[in-house]
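Topology and contacts: notes
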Amino acid sequence: MKTYSLSAKDIKREWHLFDAKDKILGRVATQIAECLMGKGKSYFSRNLDCGDYVVVINASKVRVTGKKEEEKLYIRNSGYPGGLKITPFRKMKIEHPERIIFHAVSGMLPQNKIRDRMLKRLFVFPEEKHPYSDKFQGGISH
């Protein structure tokens with residue numbers, strides 16, 4: 001009996017469509033992260049990138065619970081003196097709603113070399129219109 005080792009050519013990628021309208025940010029982000037990692041597949045392996053493609057629509061209509069709407073902050077730093085940028089959740093939701101989902105999902109993926117490859121298969125759109133509608137004839141909608 002030999003142990004079967006999965007190779008890159010054995011990986012089958014599907015397309016998933018997530019509608020974030022009136023859904024809680026953290027709950028939808030965990031489902032998206034699981035699809036990107038491929039955790040639901042029988043041949044899941046942590047050292048291989050065996051996840052699927054994910055399209056998220058209505059990112060501007062995602063919800064958060066509690067006081068996060070007023071208190072949640074997105075902080076980034078350029079590394080230069082005075083380069084600290086703080087953006088409140090409300091402003092981010094108006095200006096760049098796709099970054100909210102992207103940031104949440106990014107934090108739920110493993111922090112290794114495969115993370116960037118997984119995030120390249122994540123497509124987030126603020127409204128319902130997206131260019132990947134032809135991919136969902138046999139795809140999965142959440």
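Everything quoted here is computed from the prediction, not taken from an experiment. (Residues numbered from 1 in each chain as written. Predicted model: local features only at pLDDT ≥ 70, side-chain atom pairs only at ≥ 80, totals over all residues. Heavy atoms only, no water.)

Quick look at the overall build of the chain now. In terms of helices and strands, the chain carries 5 helices and 6 strands. Starting at the N terminus, the α and β elements of the chain follow one another as β-α-β-α-β-β-α-α-α-β-β. Taken along its principal axes, the extent of the C-alpha atoms in the chain is 60 × 40 × 30 Å. Working note: accessible area of the chain is about 9,300 Å², and carbon and sulfur atoms make up 52% of it. When the 28 positive and 16 negative side-chain charges of the chain are each reduced to one mean point, those points stand 5 Å apart. (Helix = DSSP H or I, 4+ residues; strand = E, 2+ residues; numbered from the N terminus. Areas by Shrake-Rupley, 256 points an atom, 1.4 Å probe, with all protein chains shown as cover. Lys, Arg positive; Asp, Glu negative; His and termini not counted. Charge placed at Lys NZ, Arg CZ, Asp CG, Glu CD.)

A word on helix H4 (residues 97-108). Restricting attention to buried positions, one finds in H4 the residues Pro97, Ile100, Ile101, Ala104, Val105 and Ser106. The inward-facing, buried residues of H4 abut helix H1 (25-37), strand S2 (53-57), strand S3 (73-77), helix H3 (89-95), helix H5 (114-119) and strand S5 (122-124). (Buried < 20%, exposed > 50% of the residue type's maximum accessible area, 1.4 Å probe, protein only. Contact = heavy atoms within 4.5 Å.)

Right, let's talk about the pairing of S2 for a bit. Burial analysis of S2 places 4 of its 5 residues in the buried class, which makes it a mostly covered element. Two strands pair when backbone bridges link them, and strand S1 (residues 15-19) and S2 are joined in this way by 5 bridges, in the parallel orientation. Its bridge partner being in S2, Phe18 is matched across the sheet by Val56. On the question of chirality, the crossover connecting S1 to the parallel S2 by way of H1 is right-handed. Pairing geometry for S2 and S5, over 3 bridges, is parallel. (Pairing = 2+ DSSP bridges. Right-handed = clockwise from strand over helix to strand, strands pointing away.)

Attention now moves to the packing of aromatic side chains. For the structure shown, the criterion picks out 5 aromatic pairs. Between Trp15 and Tyr53, the ring centres sit 4.5 Å apart and the planes meet at 10°, which makes this aromatic pair stacked. Residue Trp15 is found in strand S1, and its partner Tyr53 is found in strand S2; the two are separated by 38 residues along the sequence. Look at Trp15 and you get buried, because its relative accessible area is 15%. (Phe/Tyr/Trp six-rings, centres within 6.5 Å; stacked < 30°, edge-to-face > 60°.)

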